[in-house]
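Chain by chain, the residues run as shown.
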Amino acid sequence: MGGPPRPLDDGIQEVHTYEVHTYEVRAPTELRLSYLHGTCDTTYGSRVHETPEAVVVDVDVRWDDDVEACNAMGKIDRIGVTLREPLGRRVVLDSSSGVPLLPQSDVHLVEFQNYDPRRS
């Protein structure tokens, strides 16, 4: 990953987040997030904010400056986050929508994970 967002000239940090769709608990303090982004985007990392009641997650994705034209297709990707404390009974929230996320085991997207429209 490319690291955290870079400050702009005036010191303001520009952050673009994409909606996280599901999560998977890999270990008590490790989550793997599934998120949708454009095929011409670059992922710069993920962030997490923890409270005693919730874990708020987001993924920093930005349009590649070098790309002049893009196919406007979406792509599902995965990225990990490490928690300070075990997830336990806390709810996982998407930062861009505020919506609670479902665990990966509750969502069945297997048929779309390797979908390639050129083969349909």
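Here, the structure is the one placed above.
These numbers come from a predicted model, not from an experiment.

Conventions adopted
Residues numbered from 1 in each chain as written. Predicted model: local features only at pLDDT ≥ 70, side-chain atom pairs only at ≥ 80, totals over all residues. Heavy atoms only, no water. Salt bridge = Lys/Arg side-chain N within 4 Å of Asp/Glu carboxyl O. Helix = DSSP H or I, 4+ residues; strand = E, 2+ residues; numbered from the N terminus. Buried < 20%, exposed > 50% of the residue type's maximum accessible area, 1.4 Å probe, protein only. Pairing = 2+ DSSP bridges.

Draft legend 1. View of the pattern of salt bridges. A full pass over the atoms with the stated rule returns seven salt bridges. A salt bridge links Arg90 to Glu50; its shortest N-O distance comes to 3.0 Å. Here Arg90, found in the loop between β6 (74-82) and β7 (91-94), pairs with Glu50, found in strand β4 (residues 41-50); they are 40 residues apart in sequence, far enough to count as distant. Residue class for Arg90 comes out buried when judged on its relative accessible area of 11%. Residue Asp77 is joined to Lys75 by a salt bridge in which the shortest nitrogen-to-oxygen separation is 4.0 Å.

Draft legend 2. Examining the sheet that holds strand β8 (residues 102-103) more closely. The mixed open sheet is built from four strands, whose spatial order is β6-β3-β2-β8. Each edge of the open sheet carries a strand with a single partner, namely β6 and β8. For strand β3 (residues 30-38) and β6, the ladder comprises nine bridges, and the chain directions are antiparallel. Looking at β6, one finds that Leu33 is bridged to Ile79.

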